[in-house]
Amino acid sequence: MGLRFLPATKAIPKEMLPIVDKPAIQYVVEEAVQSGFEDIIFVTSRSKSEIEDHFDYDYRLEHTLREQGKHDLLKVVQDISQMITISSIRQKQPLGLGHAILITRSSIGEEPFGVFNADEITADEIPCMKQLIGVYEKYRSSVVAVQEVSQEAISRYGVVAVEPVEGEDDRVLLVKDVVEKPSPQKAPSNLAVIGRYILTPTIFQCLKRTKLGAGGEIQLTDALRSLIEEEPVYAYRYEGPRYDAGNKLEYLIATVEFALQREDLGEEFRRYLKNLKL
Ligand code: G1P
C-alpha cells in the first residue's frame, strides 16, 4: 500500500514514484529486459493499474509528440511501450510475496522463473538478475541474491544461513536456512535477501503447503525453507549498487546517484551539490 510514502502514494502506486524522471518500476523492468527476460508478469492490485498503463501503447501521446516534432520524447515513450509484453495478475488480497508468486502458477507452468521485488533497485553493469542466471545455469537450482547489510537494517529482510560450496569462492553459497525479518540477535548472518530470485517450479508445491505466517501473509521465506529440504538452494552474493526504494533515505540516495550519472544532468547537478554549504 506504500504507507511509508504517504501522502505521495495516496493516489499513485509506490512503484510509480519517479527516480529522476523514470518510475521506480521501470528500472526493475529494464533490469529484467537486460537480463534476457521477454515475458513479464506484474502481480498488482486494484489500485495499481497505472503500472500496466505505463508499459502500454499510448496512441494519443505518441500522436501528439509526432505532430509536435518532439522526436526524442517520442522515442522515449515508444521504447517503453515496446519494451515488454505485459501481462498482469491481480492479487485480490494483500496476502504477501509468497501468495503473489503462487497466483502466477498457471501462467508460469513447469519452468524456472525469476522474481523481482519492485521496490528493490539494483544498478550493476551486469544486471543483478543476469548474474543470478549465471549461477542458475551452472547448478540448475534455485538461487537468491543476497547482500551484506548493517545490524540496524537486518530486521527489514529475509536473512540466510549459509555454507560454502566446494570449488566456489564466497560469492556462491549453499543456503541452509532463511529467517524472515529477524532481530539482530537472532539473525543467522549479515546476508540479506535483496528481492531477486530464480526459483524452480518446485517452489509452487512448497507455497501451496505454506500456511499464513508473519503478518498474516504467505511468506516466500517459509516456502524457501521447505524448498531447501527438497533440493539445493544457492545464495549469490551480489556486490553492486542496490537501493531499497521503499525506504525514504535510500530512495533519496538513489535519486541523487542516478541524477549524477545522467549525461544531461550529471555535471550541473554535481556542481550544485559541491557548492552546497552543508
Ligand atoms: C520481502 C521478503 C524478504 C526480502 C525483501 C527484500 O520483504 O519477504 O525476505 O528480504 O522482500 O526486499 P518485504 O520487503 O516485502 O517486506
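Keep in mind the model is a prediction, meaning the values are calculated, not measured. (Residues numbered from 1 in each chain as written. Predicted model: local features only at pLDDT ≥ 70, side-chain atom pairs only at ≥ 80, totals over all residues. Heavy atoms only, no water.)

Closest axis-to-axis distance for the helix α3 (residues 59–67)/helix α4 (residues 71–82) pair is 9 Å, and the angle between their directions is 155 degrees. With respect to their mutual orientation, α3 and α4 come out roughly antiparallel. Once α3 is placed against α4, the crossing between them reads as left-handed. Side by side, α3 and α4 meet where Leu 61, Glu 62, Leu 65 and Arg 66 of the first sit next to Leu 73, Leu 74, Val 77, Gln 78 and Ser 81 of the second. Split into classes, the residues belonging to the contact of α3 with α4 amount to five nonpolar, two polar and two charged. (Axes fitted to C-alpha atoms, helices over the stretch in contact; angles between N-to-C directions. Helix = DSSP H or I, 4+ residues; strand = E, 2+ residues; numbered from the N terminus. Parallel < 35°, antiparallel > 145°, perpendicular 65-115°, else oblique. Left-handed = near helix turned anticlockwise from the far one by under 90°. Contact = heavy atoms within 4.5 Å. Nonpolar A, V, L, I, M, F, W, Y, C, P; charged D, E, K, R; others polar.)

Core analysis: the largest hydrophobic core is formed by 26 residues, its most contacted members being Leu 199, Ile 203, Leu 207 and Leu 224. Secondary structure elements with two or more residues in this core: α5 (96–102), β5 (113–116), β7 (142–148), β9 (172–180), β10 (191–199), α8 (202–209), α9 (220–230) and β11 (233–237). Ignoring any residue separated from it by four or fewer positions in sequence, one finds Leu 199 in contact with Ile 101, Glu 111, Pro 112, Phe 113, Val 115, Ser 142, Leu 220 and Leu 224. If you look at the next biggest cluster of nonpolar residues, it comprises 15 residues, including Val 135, Tyr 136, Val 143 and Tyr 236. (Core = buried A, V, L, I, M, F, W, Y, C linked by side-chain atoms within 4.5 Å. Buried < 20%, exposed > 50% of the residue type's maximum accessible area, 1.4 Å probe, protein only.)

What follows covers the pairing of β9. Within a regular strand, the side chains alternate between the two sheet faces. Where strand β8 (residues 158–164) and β9 come together, seven bridges link them in antiparallel fashion. The partner of Pro 164 across the bridge, within β9, is Leu 173. Strand direction decides the pairing type here: β9 and β11, joined by three bridges, are antiparallel. Along β11, the bridge assignment pairs Leu 174 with Tyr 234. (Pairing = 2+ DSSP bridges.)

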